[in-house]
Every structure is written in structure tokens, then in C-alpha cells.
Amino acid sequence: MGTRTVDEAGATTGAEATEAKRDEETVDVTKNEAADATDDVTTTDDEGTDTDGTETAAEKEDTREGTAHGPSGVGQGAAAVVSAALGLVSLSGGWIGTIASARQSLVGQLETSSSRSASVAKQMQAIYGDAWQATALWAGLFALAALITGVVVLARPAFGAPGKPQAPWIKSVSWAGVALGVIGLLLAVLKYSDALLGLPSAG
């Protein structure tokens, strides 16, 4: 009986020791999991996440860069398109040139009708020649505006912040405006000087 009691007490003590050891291991595993969770939160915070988890620092930086680049790129693109449009208008003089030509032709008719002694050459110059030169003048103004606008757009990156390249399509459209401006200006000079489609001889 005494031996059985001792054995039972020893078994009970061994079981309690085993359970205590298991409890310690469970506590250690719980502590490790809590430490890992804390490390994950710290790593996430270091990567730039806000405390409310809405936006990271990298996203904020991208937003600021987009805001900085947006207006300048849009402005340069719009100016490039305007330059090309002015270059196209300069080839014909536009509706302003048409109105100016018609007005000058009317003025020439009034002048020749009031002067009966005007020669045929003077009448042609007053009615048609001056109107043609008015069209050429307005075409030249549009061409000059297209040329200046295109050159300004192409030169803009040199005076802006370094490291901000200009979009390729902006360069292409700007060069198109410059080319059309040069062609329109050349044609305007030729028309104004009667070297291109001048008045026929009256004699």
C-alpha cells in the first residue's frame, strides 16, 4: 500500500510537471506571435503608411509630382497646338485676311470711281493689288506668331526645372508649327512683293 501511494504521488507530480512545461511552451509561442505581429506593424509603418492606413508616403509623393508636372505639360502642349494651328492659318491668311482683302478692294473701287483720270494700272493696283497685299500682310502676321510660339515651346525646357524632359508629341507639334510658320512667312513675303502671283501688266 505504501509503495502504491508513493508511485501514485510520483506519477501525479510528473504529470503536473509535464502540464507546467506545456503551459510554458504555450506562453512562449504566444509571446513569439505577438512579437512577430509587432514587427509587421513596425515594418508597415516604416514603409510610409499613415496611421489611418489611407495613403502611403510614396503615393503622396507621386501625387505631388503629378501636380508639379501637370500644369507645365498641359500648357506646353496647348501652346504647341496653337503654334501648328497658326501655321495652317498663315497659309491662307484666315478669315481676317479675307475680310481685310475685301475691305481694301472696296476702298480701291471707291478711289478709282472718284478719279476718272486714273489709269488702268492704277485701278488694278487699287482694286486687286492692295487687296492681295492685305491678305499677304495678315498671313505674314499669323506665320510670325506661329513661328514665335513654336520656338518658345521648344526652348521652354531649358528655362524650367532640370530633369523634366519634354513630351515627344509636344516637340513634334511644335516643330510642325515652326515649319508651317517659316513656310507661311516666306509665302507672305513673296505675295506682298508681287513675286508670287503678281498683277498682270496693263500695257
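Residues numbered from 1 in each chain as written. Predicted model: local features only at pLDDT ≥ 70, side-chain atom pairs only at ≥ 80, totals over all residues. Heavy atoms only, no water.

(A) Local environment of the overall build of the chain. Broken down by element type, the chain carries five helices and zero strands. The order of α-helices and β-strands along the chain, N terminus first, is α-α-α-α-α. Taking all 203 residues of the chain together, the buried fraction comes to 22%. Restricting the contact set of the chain to residue pairs at least 6 apart, pairs at least 24 apart contribute 78%. For the chain, the accessible surface area stands at approximately 13,600 Å², while carbon and sulfur atoms represent 63% of it. (Helix = DSSP H or I, 4+ residues; strand = E, 2+ residues; numbered from the N terminus. Buried < 20%, exposed > 50% of the residue type's maximum accessible area, 1.4 Å probe, protein only. Contact = heavy atoms within 4.5 Å. Areas by Shrake-Rupley, 256 points an atom, 1.4 Å probe, with all protein chains shown as cover.)

(B) Structural view of the packing of helix α4 (residues 120-155) against helix α5 (residues 168-192). Relative to each other, α4 and α5 sit at 155°, their axes nearing to 7 Å. One way to sum up the angle between α4 and α5 is to call them roughly antiparallel. Pair α4 / α5 crosses with left-handed handedness. Residues of the contact of α4 with α5, tallied by class, amount to 17 nonpolar, seven polar and two charged. (Axes fitted to C-alpha atoms, helices over the stretch in contact; angles between N-to-C directions. Parallel < 35°, antiparallel > 145°, perpendicular 65-115°, else oblique. Left-handed = near helix turned anticlockwise from the far one by under 90°. Nonpolar A, V, L, I, M, F, W, Y, C, P; charged D, E, K, R; others polar.)

(C) Looking closely at the side chain of K191. Tracing the backbone through its elements, the reader meets K191 in helix α5. Filtering out sequence-adjacent residues up to four positions away, K191 remains in contact with L91, W132, A136, A139 and L196.

(D) Representation of α4 within the structure. In a regular helix each residue adds 1.5 Å, so 36 residues correspond to 52 Å; α4 covers 51 Å between its end C-alpha atoms and thus fits that length. In the structure, α4 departs most strongly from a straight axis at A126, where the bend amounts to approximately 40°. (Expected span 1.5 Å × (residues − 1). Bend = angle between axes of the 7 residues up to and from the residue.)

(E) Here's a closer look at the packing of aromatic side chains. Inspection of the entire model under this criterion finds zero aromatic pairs. Above the ring of W132, the side-chain terminus of K191 is found at 5.5 Å from the ring centroid. (Phe/Tyr/Trp six-rings, centres within 6.5 Å; stacked < 30°, edge-to-face > 60°. Lys NZ or Arg CZ within 6 Å of the ring centre and 35° of its normal.)

(F) Summary view of the side chain of S101. Assignment of secondary structure puts S101 in helix α3 (residues 94-114). For S101, a relative accessible area of 17% puts it in the buried group.

(G) Local environment of α3. For α3, spanning 21 residues, the distance from its first C-alpha to its last is 31 Å, which sits close to the expected 30 Å at 1.5 Å a residue. Among the residues of α3, those classed as buried are G94, G97, A100, S101, S105, G108 and T112. For α3, the angular spread of buried residues about the axis comes to 140°, placing them on one side. For α3, the exposed residues set more than 90 degrees away from the buried face come down to W95, R103, L110 and S114. (Arc of directions from axis to C-beta.)

(H) Main features of the environment of A131. When you line up the elements, A131 lands in helix α4. A131 sits in the buried class, given a relative accessible area of 5%. Counting along the chain gives 34 residues from A131 to G97, while the straight-line C-alpha distance between them is 9.2 Å. Residues contacting A131, with those up to four places away along its chain left out, are S101, Q104 and S105.

Without other data, these values stay purely geometric and don't point to any function.
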